Amino acid sequence: MGAPAQAEAALTEVERDLAALEDGGGKAFLLVAQGIALMDVQAMARQSRAALARRSHDCFMKAAELARAAGDRRTLSAARGYLGTLYERMGRPDDALVLTREASFWAQERMAADLLFRWHWQAGRLHRSQGRTAEALMAYDAATAAIRRIRSDLLRAYGGYGSLFREAIGPVYLESADLRLRQASALRGTPQAQRHLVAARDALEQLKAAELEDYFQDDCVAALKAKVQTIDPLAPGTAVIYPILLPDRLELLLSLSDGLHQATVPVGGAEVGAVAASFRQQLEQRTSSRFLGDARRLYDWLVRPFTPLLEARKADTLVLVPDGPLRSIPMAALHDGKRFLVERYALAVTPGLSLMEPKPLTVQQAELLLAGLTESVQGFPALPFVESEIKTIHGALGGTVLENRSFVIERMGQELNAAPYSIVHIASHGKFEPEASDSYILAYDGRLSMDQLERFVKLSQYREEPVELLTLSACQTAAGDDRAALGLAGVAIKAGARSALASLWFINDQASSQLIADFYRRLATGAPGKAEALRQAQISMLKDVRYQHPGYWAAFLLIGNWR
């Protein structure tokens, strides 16, 4: 709560209580907790650093003595390792490393992976601070391997880290990727550089998978049942941009059919996040063009460094693997000063390179389930243009229609259980919130939760092919919240669909229905893939004087399989 004085007073009380306890393993455990708490207060209360450090040191020393006497190797590992953390903060890296190695030994003996990842991570930081890059990389690799072993246990035992997940575990992956990227930059143009780039990307892929698991509180999410594979190598004409937000810079990886390319932009992650939030906010004001400044800045940072390469390779499809705040903005509305990005490229978003399968959709053979609400129910306003949207899609591609009173939760489940639908289209109010349990889609008789949607769509898992496309029309994410956008991106993966088409914010009912209907019409008449069909539909809206502002057409994202 930012009140170090009160915290220190409370810890002084705790100290008296601890002194009265009988010596033993239980007391050793509590002394470690006390030492950690004192370190946290010390980090904030600069005026009493030395005194707090001494008290923290004494707690860890006493805890180690008691744990050794009790034969409690786990608590001994914690006491020695956190004493190493204290020494690291005090600028004594050599002493810290000796303690960290001892802590790792005891953690390994007890197979305590939850401690082991901390000590490997600590060793990585210490080696890096001393310029020992090879040793640091080995330590970071060991730390991420330990996290892999316990990730699902963390979810089950502690209910996940919530919005603090990235702060709690993310730095391990980010620091590892940061070091790899610096090495790749120093070795640019060599085979070793390419290996470092792939390793950096792999570390971030692990983080993205863990974030999805944490958001959905489900350790099976990343192990998608829909025939997951990585998208390397890429088809000609397709390029993947992988932005990595670091405190001091923006790193970009561009994946082409011949491998990875690197660019470094001297702008910190916090500034990128602030501009992304401003861009999103301005886009939703459809009477203003103030978004253009942010649109150009983001283009200059995210796309322009690779423009010569993209032009040389005749790229026509860009896939973005967004990080943090970039999840909640539409790439389509980025601007190069002359035209929007969507006017040049078909665009798609994927939460991770290994979390989907790029397989073409044969629309002519697709089975459709169309569900929607046009009437006002449960206090939500009517969506009158949904009727024409569903009618147009049904006219072009056929399918089963559930509208208004027939769009109830039980019937939805029955339909998905009864037939192998390859396209599921839902036109209704819906919202993605920072917590997956608060996210929903409105049916006539109630709110369809993400868990229910997942169960219904996964009824198709017993057949050979998964749902190809899940469209959520008239839904929105919580504004400016990249964790909510994570849910939007992850819903297709969790539901077992190859791709999703959904909107970042609620759009004018008429404009939304027009764009969605046009998207399906273009798919039916031979557009080469979903991303290109969406691009054509968005450009058509852009040319309509009523809907030129990107607030009307840019919010729709194609997530996952773009073909």
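Figured I'd write up the structure that's included with this text.

### A word on the overall build of the chain
A tally of helices and strands in the chain yields 20 helices and 13 strands. Residues classed as buried in the chain amount to 58% of the 563 residues present. Long-range pairs, those at least 24 residues apart, make up 73% of the contacts in the chain between residues at least 6 apart in sequence.

### Some words on helix α9 (residues 170-186)
Helix length check: α9 (17 residues) gives 24 Å between terminal C-alpha atoms against 24 Å at 1.5 Å per residue, within 8%. All of the buried residues in α9 are Gly170, Val172, Tyr173, Leu174, Ser176, Ala177, Asp178, Leu179, Arg180, Leu181 and Ala184.

### Some remarks on the packing of aromatic side chains
In this structure the tally under the stated criterion is nine aromatic pairs. Ring centres 6.3 Å apart and planes at 15° place the aromatic pair phenylalanine 60 and tyrosine 82 in the stacked group. Highlighted residues: phenylalanine 60 in helix α3 (residues 49-70) and tyrosine 82 in helix α4 (residues 73-89), separated in sequence by 22 residues. For phenylalanine 60, a relative accessible area of 0% gives the class buried. Between phenylalanine 519 and tyrosine 520, the ring centres sit 5.2 Å apart and the planes meet at 75°, which makes this aromatic pair edge-to-face. Across the pair, exposure class does not vary: phenylalanine 519 and tyrosine 520 are buried alike. Three or more aromatic residues joined by ring pairs form one cluster here, namely Phe60, Tyr82 and Trp119. When the ring centre of tyrosine 345 is taken as reference, the NZ or CZ atom of arginine 344 above it lies at 4.5 Å. Between the NZ or CZ atom of arginine 447 and the centre of the ring of tyrosine 440, over which it lies, the distance is 4.2 Å.

### So, helix α19 (residues 530-543)
In this model α19 runs 20 Å from its N-terminal to its C-terminal C-alpha over 14 residues, within 8% of the 20 Å that 1.5 Å per residue would give. Among all positions in α19, only Lys530, Ala531, Glu532, Ala533, Leu534, Arg535, Ala537, Gln538, Ile539, Met541 and Leu542 are buried.

### Section: unusual backbone geometry
The backbone of lysine 314 shows a phi angle near 55°, a positive value even though the residue is not glycine. Along the chain, lysine 314 falls in the loop between α13 (307-312) and β4 (317-320). Residue lysine 314 is classed as exposed on the basis of its relative accessible area of 66%. Of note, the phi angle at asparagine 404 is positive, near 55°, even though the residue is not glycine. Along the chain, asparagine 404 falls in the loop between β7 (400-403) and α15 (409-418).

### Observations concerning empty space enclosed by the protein
The final tally for this structure, using the stated rule, is four cavities of 30 Å³ or more. Approximately 120 Å³ is the volume found for the largest cavity. Along its surface, the largest cavity is lined by 17 residues, and Ala332, Leu347, Ala348, Phe556 and Leu557 are the ones closest to its centre. Mapped onto the lining of the largest cavity, the elements with two or more residues apiece are β4, β5 (346-349), α19 and β13 (556-560).

### Quick look at the pattern of salt bridges
A complete count under the given rule lists 29 salt bridges for this structure. Close ionic contact of aspartate 258 with arginine 313 constitutes a salt bridge, the shortest N to O distance being 3.0 Å. Taken as a pair, aspartate 258 in the loop between β2 (250-256) and β3 (259-265) and arginine 313 in the loop between α13 and β4 lie far apart in primary sequence, 55 residues in all. Using a relative accessible area of 47% as the deciding quantity, one classes aspartate 258 as partly exposed. Its relative accessible area of 35% is what places arginine 313 among the partly exposed residues. Taking the shortest distance from any N to any O, the salt bridge between arginine 280 and glutamate 284 comes out at 2.8 Å. With relative accessibility at 2%, the residue arginine 280 sits in the buried group.

### A closer look at the pairing of strand β10 (residues 446-449)
Alignment of strand β9 (residues 440-443) against β10, held across four bridges, turns out to be antiparallel. Residue alanine 443 lies in a different strand from β10, and its bridge partner there is glycine 446. Taking the residues that link successive antiparallel strands as the turn, the β9-β10 hairpin has two residues.

### Side note on the packing of α3 against α4
How two helices sit against one another is set out by the angle between their axes and by the gap between those axes. The contact between α3 and α4 brings their axes to 8 Å, and the two run at 160°. Overall, the two elements α3 and α4 adopt an arrangement that is roughly antiparallel. Here α3 and α4 pass one another in a crossing that is left-handed. Where α3 abuts α4, its residues Arg49, Ala53, Ser56, His57, Phe60, Met61, Ala63, Ala64, Ala67 and Arg68 lie against Arg73, Thr75, Leu76, Ala79, Arg80, Tyr82, Leu83, Leu86, Tyr87 and Arg89. Split by residue class, the contact of α3 with α4 holds twelve nonpolar, three polar and five charged.

Conventions and cut-offs
Numbering of residues begins from 1 in every chain and follows the order in which that chain's sequence is written. Only residues with pLDDT of at least 70 are given local features in this predicted model, and only at 80 or more are side-chain atom pairs given and counted; all residues enter the totals for whole chains, interfaces and linings. Based on all heavy atoms of the structure, the side-chain values leave hydrogens and waters out of the count. The helix count covers DSSP runs of H or I at least four residues long, the strand count covers runs of E at least two residues long, and both are numbered beginning at the N terminus. Relative accessibility decides the category of a residue: with a 1.4 Å probe and only protein chains considered, values under 20% of the type maximum give buried, values over 50% give exposed, and everything between is partly exposed. Here a residue-residue contact requires only that any non-hydrogen atoms of the pair lie within 4.5 Å. The span you would expect from a helix comes to 1.5 Å times its residue count less one. Pairing of aromatic rings covers Phe, Tyr and Trp, the last through its six-membered ring, and needs centres within 6.5 Å; plane angles under 30 degrees mean stacked, over 60 mean edge-to-face, and all others mean tilted. Placement of a positive charge over a ring is assigned whenever Lys NZ or Arg CZ falls within 6 Å of the ring centre and within 35 degrees of the normal to the ring plane. Cavities and pockets are found on a 1 Å grid laid over the protein atoms alone: a cavity is a set of points where a 1.4 Å probe fits but cannot escape, a pocket is an open set with protein on both sides within 12 Å along at least five of seven lines, and a lining residue has an atom within 4 Å of such a point. Grid points are joined across faces, edges and corners, and a volume is the space filled by probe spheres set on the points. Throughout this description, the term salt bridge denotes a Lys or Arg side-chain nitrogen within 4 Å of a carboxyl oxygen of Asp or Glu. Here, a strand pair is defined by DSSP locating no fewer than two bridges between the strands. Here the axes come from fitting lines to C-alpha atoms, over the contacting stretch only for helices, and the angles between their N-to-C directions go from 0 to 180 degrees. Working rule for angles: under 35 degrees goes down as roughly parallel, over 145 as roughly antiparallel, 65 to 115 as roughly perpendicular, anything else as oblique. By definition, turning the near helix anticlockwise from the far helix through less than a right angle yields a left-handed crossing, and turning it clockwise yields a right-handed one. Under the grouping applied here, Gly and all other residues not named as nonpolar or charged are polar, the nonpolar ones being Ala, Val, Leu, Ile, Met, Phe, Trp, Tyr, Cys and Pro and the charged ones Asp, Glu, Lys and Arg.

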